[in-house]
There are 2 protein chains.
Amino acid sequence: MIVVKKKTIKDVAELANVSISTVSNALNGVNVVTPETKQRVLKAAAELNYVPNLMGKQLRSGETKMLGFFTDSVSGPYFYVLVEAISRAVAKLGYGMQVIVPSDHKTLMNNILGNVVDGAIIFEHMINDDDIQQILMHSVPTVLLDRPAHGPKMSSFIFNSQAEGYEATKYLLNLGHRRLGFLAGYENNHDSHLRYAGFKQAIEEAGLNSDEMPVLSGLFEEEASYNAVKSYLHYADEPATAFLAGNDLSAIGAMKAIVSLGYKVAEDFSVMGFDDIEISQYFRPALTTVRNPIARQGILAVDELLAMINGRVGGTEQVLDGELVIRDSTGFAKH
Amino acid sequence: MIVVKKKTIKDVAELANVSISTVSNALNGVNVVTPETKQRVLKAAAELNYVPNLMGKQLRSGETKMLGFFTDSVSGPYFYVLVEAISRAVAKLGYGMQVIVPSDHKTLMNNILGNVVDGAIIFEHMINDDDIQQILMHSVPTVLLDRPAHGPKMSSFIFNSQAEGYEATKYLLNLGHRRLGFLAGYENNHDSHLRYAGFKQAIEEAGLNSDEMPVLSGLFEEEASYNAVKSYLHYADEPATAFLAGNDLSAIGAMKAIVSLGYKVAEDFSVMGFDDIEISQYFRPALTTVRNPIARQGILAVDELLAMINGRVGGTEQVLDGELVIRDSTGFAKH
DNA sequence: TTTGTTTTGGCAAGCGCTTTCACGAAACTT
DNA sequence: AAGTTTCGTGAAAGCGCTTGCCAAAACAAA
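Residues numbered from 1 in each chain as written. Chains lettered and ligands numbered in written order. Predicted model: local features only at pLDDT ≥ 70, side-chain atom pairs only at ≥ 80, totals over all residues. Heavy atoms only, no water.

Q: Can you tell me about empty space enclosed by the protein, naming the residues and giving the values?
A: Across all of its chains, the model carries one cavity of 30 Å³ or more by this definition. In this structure, the largest cavity is lined by 13 residues; those nearest its centre are Val-101, Pro-102 and Ser-103 of chain A together with Gly-96 and Met-97 of chain B. At the level of secondary structure, the elements contributing two or more residues to the lining of the largest cavity comprise α6 (105–113) of chain A together with α5 (77–92) and β2 (96–100) of chain B. For the lining of the largest cavity, the leading source of residues is α5 of chain B, giving three residues. (1 Å grid on protein atoms, 1.4 Å probe; cavity = no way out; pocket = protein on both sides within 12 Å on 5 of 7 lines; lining within 4 Å. Points joined across faces, edges and corners; volume = space filled by probe spheres on them. Helix = DSSP H or I, 4+ residues; strand = E, 2+ residues; numbered from the N terminus.)

Q: I'd love a proper account of unusual backbone geometry, names of residues and values included.
A: Here the bond from Arg-284 of chain A into Pro-285 of chain A is cis, since omega is -10 degrees, no more than 30 degrees from zero. Looking at the element boundaries, Pro-285 of chain A is found in the loop between α12 (278–282) and β10 (289–291). Unusually for a residue other than glycine, Asn-49 of chain A sits at a positive phi of about 60 degrees. The phi angle at Asp-146 of chain B is positive, at roughly 60 degrees, despite the residue not being glycine.

Q: Describe in detail the interface of chain B and chain A, supporting the description with residues and values.
A: Each partner contributes residues to the interface: chain B has 52 residues there, and chain A has 52 residues. Summing both sides of the interface, chain B and chain A together bury roughly 5,100 Å²; the carbon and sulfur share of this comes to 64%. Linking chain B with chain A are zero salt bridges, by the criterion used here. At the surface where chain B touches chain A, the tally comes to 14 residue pairs in polar contact (both at pLDDT 80 or more). Secondary structure elements with two or more residues in the side of chain B that touches chain A: α4 (54–61), α5, β2, α6 (105–113), α7 (129–137), α11 (248–260) and α12 (278–282) of chain B. It is α5 of chain B that contributes the most residues to the side of chain B that touches chain A, six residues altogether. The residue makeup of the side of chain B that touches chain A, split by class, is 27 nonpolar, 18 polar and seven charged. Here three bridges tie strand β2 (residues 96–100) of chain A to β2 of chain B, and the two strands are oriented antiparallel to one another. Paired with Gln-98 of chain A across the two strands is Ile-100 of chain B, which belongs to β2 of chain B. (Contact = heavy atoms within 4.5 Å. Buried area = accessible area lost by both parts, 1.4 Å probe. Salt bridge = Lys/Arg side-chain N within 4 Å of Asp/Glu carboxyl O. Polar contact = N/O pair within 3.5 Å; in protein donor to acceptor, adjacent residues only side chain to side chain. Nonpolar A, V, L, I, M, F, W, Y, C, P; charged D, E, K, R; others polar. Pairing = 2+ DSSP bridges.)

Q: Could you give me a rundown of the nonpolar core, with the residues and numbers involved?
A: Phe-69, Phe-79 and Leu-145 of chain A together with Phe-69, Phe-79 and Leu-145 of chain B are the most contacted members of the largest nonpolar core, which totals 56 residues. The residues touching Leu-145 of chain B, leaving out its near neighbours within four places in the chain, are Phe-69, Leu-82, Ile-121, Ile-122, Phe-123, Phe-157, Gln-297 and Ala-301 of chain B. Of all hydrophobic cores here, the second largest spans 24 residues; its members include Ala-251, Val-265, Ala-266 and Phe-283 of chain B. (Core = buried A, V, L, I, M, F, W, Y, C linked by side-chain atoms within 4.5 Å. Buried < 20%, exposed > 50% of the residue type's maximum accessible area, 1.4 Å probe, protein only.)

Q: Explain the protein's contact with DNA strand C to me, and be specific about the residues and the numbers.
A: Taken together, 22 residues lie around DNA strand C, and Ile-9, Tyr-50 and Arg-60 of chain A together with Thr-22 and Thr-37 of chain B are the ones closest in. Close to the protein, within 4 Å, the atoms of DNA strand C belong to sugar or phosphate groups at a rate of 64%. Within the backbone of Ser-19 of chain B, a nitrogen or oxygen atom sits 2.8 Å from a phosphate oxygen of DNA strand C. Counting only elements with at least two residues in the surface near DNA strand C, the list comes to α2 (20–27) and α4 (54–61) of chain A together with α2 (20–27) and α4 of chain B. Residue classes in the surface near DNA strand C are distributed as eight nonpolar, 11 polar and three charged. (Near = heavy atom within 4 Å.)

Q: Describe in detail the pattern of salt bridges, supporting the description with residues and values.
A: Residues and elements named next belong to chain B. Under the criterion given, the structure shown has 20 salt bridges over all chains. Note that Glu-84 and Arg-88 form a salt bridge whose closest N and O atoms lie 2.4 Å from each other. One end of the pair is Glu-84 and the other is Arg-88, both in helix α5 and four residues apart, which spans about a single turn. For Arg-88, a relative accessible area of 53% puts it in the exposed group. When the shortest N-O distance is used, the salt bridge between Arg-179 and Glu-238 registers 4.0 Å. Of this pair, Arg-179 sits in the loop between α8 (161–174) and β6 (180–183) while Glu-238 is found in the loop between α10 (222–235) and β8 (242–245), placing the two residues 59 residues apart along the sequence.

Q: Describe in detail the packing of α6 of chain B against α7 of chain B, supporting the description with residues and values.
A: All names here are of chain B. Between α6 and α7, the least distance of the axes is 10 Å, while the angle of their chain directions is 25 degrees. Judged by the angle between their axes, α6 and α7 are roughly parallel. In terms of crossing hand, the pair formed by α6 and α7 is right-handed. Between α6, through His-105, Met-109, Ile-112 and Leu-113, and α7, the contact on the second element is made entirely by Asp-131, Gln-134 and Ile-135. Of the residues assigned to the contact of α6 with α7, the class counts are four nonpolar, two polar and one charged. (Axes fitted to C-alpha atoms, helices over the stretch in contact; angles between N-to-C directions. Parallel < 35°, antiparallel > 145°, perpendicular 65-115°, else oblique. Left-handed = near helix turned anticlockwise from the far one by under 90°.)

Q: I'd love a proper account of the environment of Pro-285 of chain B, names of residues and values included.
A: Residue and element names in this part refer to chain B. Residue classification places Pro-285 among the partly exposed residues on the basis of a relative accessible area of 22%. Taking C-alpha positions, Pro-285 is 66 Å from Asp-11, a pair spaced 274 residues apart along the chain. For Pro-285, the contacting residues outside a window of four places in its chain are Met-255, Val-265, Asp-328 and Ser-329.

Next up, the structure:
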């Protein structure tokens, strides 16, 4: 295997006996070059195995034809659904996509602001309001996911978490439940708060006192939820008959706790989650939950971002509604 | 919000009253600049909100400090486990990672060869032997995943699919099964073939005739598998008592088919899969399967790639062994 | 003081590419 | 035959940055 020194546009020009500008024109389909010349250039390029250096190209032209998807949470069910939707949408519009998982805050900002991509989709909890100001100052077209954009010019797509919490709770109330438990997420989780707000709202509207409803906190993981629900069920005099969990994993933990104590899910205790992760439909009993339009969020984000790159001024905040997915983990309240 | 024109190193130099080379040195920690000058530069940079243009930097220096993970299959359980493992490993070594999902073959090759990244991890079925030659010629450090590297200088990490198929089949044989069905993947799937080879090997070793064992093909999806198994079970005179599926999704489809006909999984028919995707442990009955060390594959790939970037010559092909995960979908053969 | 040595910072080249502009030849017009 | 337009091509500038090299300044040694 002979390693050949990297060929540049100059080498192609020499071999084809034309200037480098002609090579550039020929290769980029600018229609000012005769077919014969173009053929000659193409042939020379092929012969040399020429591949344009994208750094040079991008430095000069000022655009990368790349969109960046910045995220810190690679895991989780959202991630690949989003990446898939975004990458497809982006490709359709003649752009490329890069997923960038920055190791620290500085790397993150350097990549957003350092002309690496023409626009950014940010799904990132490292980012703060100052960063947003920075991005605005550098006028990098940007779309925020799952995070409201404070201020104009930056668009965002968020889920209607409060309404989802409200709808889910109403569904449980309609099944006759009057003592509802809420399994909250981490303290600082925005969505979890909103879901709880919706929960309270529905409770109050039904003429019940939301302060009397048990809230177990910090339970975004299966095991934590399992332990908490198990001990709650063990010690509570008159336990809740239905549980609304902050997410599906937590709901699954709750179901396992219920089963472990010899109770039946749905029959004895109803459980509901949020997100409709892949597992939820396979778990037995299959989990009743609320599904967010993740793929749609990705597609909308790409559309908006490309419009912004092409000059449209951003600043829209779109709220996407979830959808109730009723399965087998919920049932009528007993008496 | 006032949009300020993008600041360059030149602006910083002017404000700090030094030359641009001094700015560069100060900013990059080259130790040839007095602390006072450095302070002045840093202050000026902060004041102007200066962020270096990575295109310029990379064009000049010839390195991007970025590794590229090229993939076409975003979905699937492998994907995010790999991305997560790789991104962590890469960050630890002072590099960044980009996931690049090319829309077509040309984009793929341009991104690999166009100096966008210092090295490539390729998990890609678009790539063929010619492409590999190209990459070698351009001497881009590259690691292949799930695909043997033909020839020297390119390293690869593959799973030991044949051994896995062999072990899984032996496990089934040890449970007393004598009629085993194989649910094969797509025709052109490398792993599926190898797993089948292992299957045959174990069958023959046990003194049975592998040609008598039913093989259902093209079943890498749940529904296809469901339908095929259902009709097989319906029409077969003396059906197999155990099924080895080419992957977990296919195994799940088979289990659903078994249940839909009123049989019991494990008791009446054993089912086994490959991959140990997340669902498998949650599905009831939980699936017996073979787990591949995906995260480990990613970490090894990064280590190898960085060594290659730093001059070590590649060409190693490492085979990673899977691990039997015994759950509830398999049981002793009846009689 | 002179000479030699080190430190500090600036100049300028150039990474590979696109793009503006000018030029000469060919094709039209008058 | 001369003037005008069209067209293909090339020269050269410059995108933002790093870096080799050199000059100036500062210091140490003689």
